[in-house]
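# Fold and geometry: a report
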Amino acid sequence: MTTQTPPKPAAYRSALARGGDGFVRLLHAEWTKLRTVRRWTIVMLSAVAVTILVSTLSAGGDSVSGGGGGAPPRGPDGTRVVDAFQFVGQPLAGDGTVTARVTGLTRDTAEEDDRSMTLGGGKPAPWAKAGVIVKASTTPGSTYAAMMLTQSHGVRFQTDFTVDRAGSSAPPSSPRWLRLTRAGNVVTGYESADGVVWDKVGSATLEGLPASAEVGLFVTSPGLFAVERQFGSTSVEGGPSSATGTFDGFSVDGRTEGPVRGVDVGAPPRGPRVPGAPDRPDGPAGEGPGPDGPGNNTASESGGVHTLTASGDIAPMESETDLAQRSLEGAMIGLIPLAALGVLFITAEYRKGMILTTFTASPRRGRVLAAKALVLGTAAFAVGLVASVASFLIGQPLLRSSGLRPPQFPEPSLGDGRVFAAVVGTAGVLALVAVFAMALGALLRNTAAAVSVIIVLLVLPQILLSGLPLDAARFIMQATPVAGFAVQRTTDDFGQVDSACIPEDGCYPQAPWAGFGVLLLYTLAALALAAWRIRRRAA
């Protein structure tokens, strides 16, 4: 008898389309959750309102009184500069060389006020400088190249205020030969210990250098300052300084025009450029003309030895008031509602048990987390962008009406690349904070714990900065997520200009996008840990 095996029935196939867990479907699902919860919409609107309100109060609270003062000189590239020094030299027609030996650089406290004499321990300012210079004219802001011996930074080759190249580390107590050679528009700097063997330090092309340019000796000395910190308060004490440089072996090789003479280039400073203090209307950062600066630049010659005494500087002017940043300060408070939203965006599902439904419908949990992060980050960025643009547009007129206006102060505009980056970067910071908070919520699965961590990492440092030593405060601004707000900074930071850089005044020790990168790393690390945990632990 033959046994027949019945055929296997065909597998059931539903007539409905397969749902699956496609990423686009996940994005749509998470966006639906975000926009349909009314209180979350209210939270996002409150973030906009809080950011604008705090920024407006901050901008409206600034005021500058006083009068007068013209616009500061500008360098060849338009940078606001300080260009005040004692010059001894003569015009040189065409190519040639200027050479001299700097035999000393000392501080001249006889020309300083009582306030300044207590600063610096009797030594010249670190960036006090004496050397040789080729300059288009004695008009402040004109193009130049200079070789110099400084008090604390060795030999330098500097051009057009913003370019600084290091030579040897020779101290001012060690006499140093310096030389500049012009060939067309190219000026090359050299240094030598004995005047025989010369080392090239740098070379620069000076656009617009006329056929007849000024060449000679110069001395200048920027202000001194000291920072004192106590819990809750910081004081910056500063004053002008004066330095005396001595030279021998001064010579000019080439076709000169006219005798050697002394020129006090630029108006004497009106007082100290006090880093950390707000700019004043009678000259930004205290560099405008006035009666309370030393104003006693002198030059003399005896037996081939030239002695120059001066106060001032040849450097870019660093504004201690970042007007764009000032109008965006509300974002530091506006982040709190967005951080709370980020935490609730995932802990609410854990608390109500809805996360089980989400993971059942979409078993690939890492993709669920990524979809939540993308939806939340995009929404927070849009909210932050509206808040940042509005804060800037409202805050700038308030700052100008308070006296922080041209010509003494710059006028930030969204058309300026750095200002635009600061505004958009602020929105990016708020987006990252929201995603970072969501990742912490997924990692800790507890709303109170996640919000507490956010407060400790992002809010508490802002409160404690003024009570910490400068080094500790700067470390916090570099190493914690609050570093992300460095993206708001729009002012330049030049190494050849000393600055106190007070953290609570919004001065970040790192570059803008480097600080943003720190916050991004924190966010990515938190997301990675959250993804690892949700894959290995049941909901």
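Notes on the structure follow. Bear in mind the structure is a predicted one, so any value in this text is a computation, not a measurement. (Residues numbered from 1 in each chain as written. Predicted model: local features only at pLDDT ≥ 70, side-chain atom pairs only at ≥ 80, totals over all residues. Heavy atoms only, no water.)

Scanning the protein chain for helices and strands turns up 11 helices and 16 strands. Counting every position in the protein chain, which comprises 539 residues, the buried fraction comes to 50%. For the protein chain, long-range pairs separated by at least 24 residues make up 75% of all intrachain contacts whose partners lie at least 6 apart in sequence. As displayed, the protein chain has an accessible area near 23200 Å², and 59% of this comes from carbon and sulfur atoms. (Helix = DSSP H or I, 4+ residues; strand = E, 2+ residues; numbered from the N terminus. Buried < 20%, exposed > 50% of the residue type's maximum accessible area, 1.4 Å probe, protein only. Contact = heavy atoms within 4.5 Å. Areas by Shrake-Rupley, 256 points an atom, 1.4 Å probe, with all protein chains shown as cover.)

Time to look at the side chain of Thr-150. Counting through the fold element by element, Thr-150 comes out in strand E3 (residues 144–150). In terms of polar contacts, Thr-150 uses its side chain to reach the backbone amide nitrogen of His-153, at 2.9 Å. Among the polar contacts listed, one links the side chain of Thr-150 to the backbone oxygen of Gly-154, at a separation of 2.8 Å. Not counting chain neighbours up to four residues away, the residues in contact with Thr-150 comprise Leu-105, Pro-126, Trp-127, Ala-128, Lys-129, Arg-156 and Pro-172. (Polar contact = N/O pair within 3.5 Å; in protein donor to acceptor, adjacent residues only side chain to side chain.)

As a further point, take the packing of aromatic side chains. Enumeration according to the criterion identifies five aromatic pairs in this entry. Look at Phe-85 and Phe-218: their rings are 6.1 Å apart centre to centre, the planes differ by 80°, and that puts the pair in the edge-to-face class. Of this pair, Phe-85 sits in strand E1 (residues 81–107) while Phe-218 sits in strand E9 (residues 212–220), and the two are 133 residues apart along the sequence. Taking the centre distance of 5.2 Å and the plane angle of 70° together, the rings of Trp-513 and Phe-516 count as edge-to-face. With Trp-513 and Phe-516 both in helix H11 (residues 512–536) and three residues apart, the pair spans about one turn of that helix. Look at Phe-516 and you get buried, because its relative accessible area is 16%. Above the ring of Trp-198, the side-chain terminus of Arg-179 is found at 4.1 Å from the ring centroid. (Phe/Tyr/Trp six-rings, centres within 6.5 Å; stacked < 30°, edge-to-face > 60°. Lys NZ or Arg CZ within 6 Å of the ring centre and 35° of its normal.)

Under the defined criterion, the tally for this structure stands at two cavities of 30 Å³ or more. By volume, the second largest cavity amounts to about 30 Å³. Forming the walls of the second largest cavity are Ile-346, Ile-355, Phe-359, Val-368, Leu-369, Lys-372 and Ile-534. Elements that contribute at least two residues to the lining of the second largest cavity include exactly helix H6 (354–361) and helix H7 (365–401). For the lining of the second largest cavity, the element with the most residues is H7, which contributes three residues. (1 Å grid on protein atoms, 1.4 Å probe; cavity = no way out; pocket = protein on both sides within 12 Å on 5 of 7 lines; lining within 4 Å. Points joined across faces, edges and corners; volume = space filled by probe spheres on them.)

Attention shifts here to the nonpolar core. With 63 residues, the main nonpolar core has Leu-34, Leu-338, Leu-369, Met-438 and Phe-485 as its most contacted residues. In terms of residue count, helix H8 (residues 417–444) provides more of this core than any other element does, 13 residues in total. For Leu-369, the residues in contact, after removing those within four places along its chain, are Ile-346, Met-438, Ala-442, Leu-527, Ala-530, Ala-531 and Ile-534. Counting residues in hydrophobic clusters, the runner-up holds 35 residues, among them Ala-128, Val-155, Ala-170 and Val-201. (Core = buried A, V, L, I, M, F, W, Y, C linked by side-chain atoms within 4.5 Å.)

A few words now on a nonpolar patch on the surface. On the surface, Val-456, Leu-460, Ile-463 and Leu-464 cluster together into a nonpolar patch covering about 330 Å² of accessible area. In this structure, Leu-464 sits in helix H9 (residues 447–464). (Patch = residues over 30% accessible without salt bridge, like charges linked within 9 Å, V, L, I, M, F, W, Y side chains within 5 Å. Salt bridge = Lys/Arg side-chain N within 4 Å of Asp/Glu carboxyl O.)

Where helix H1 (residues 23–36) meets H7, the closest approach of the two axes is 9 Å, and the angle between their N-to-C directions is 50°. In terms of orientation, H1 lies oblique with respect to H7. The hand of the H1/H7 crossing is right-handed. Where H1 approaches H7, its residues Phe-23, Leu-26, Leu-27, Glu-30, Trp-31, Lys-33 and Leu-34 are matched on the opposing element by Arg-367, Val-368, Ala-370, Ala-371, Lys-372, Leu-374, Val-375 and Ala-379. (Axes fitted to C-alpha atoms, helices over the stretch in contact; angles between N-to-C directions. Parallel < 35°, antiparallel > 145°, perpendicular 65-115°, else oblique. Left-handed = near helix turned anticlockwise from the far one by under 90°.)

What follows deals with H7. Its 37 residues place the ends of H7 53 Å apart at the C-alpha level, agreeing with the 54 Å of an ideal helix rising 1.5 Å per residue. Following H7 by one or two positions, Gly-403 has its phi on the positive side, about 105°. (Expected span 1.5 Å × (residues − 1).)

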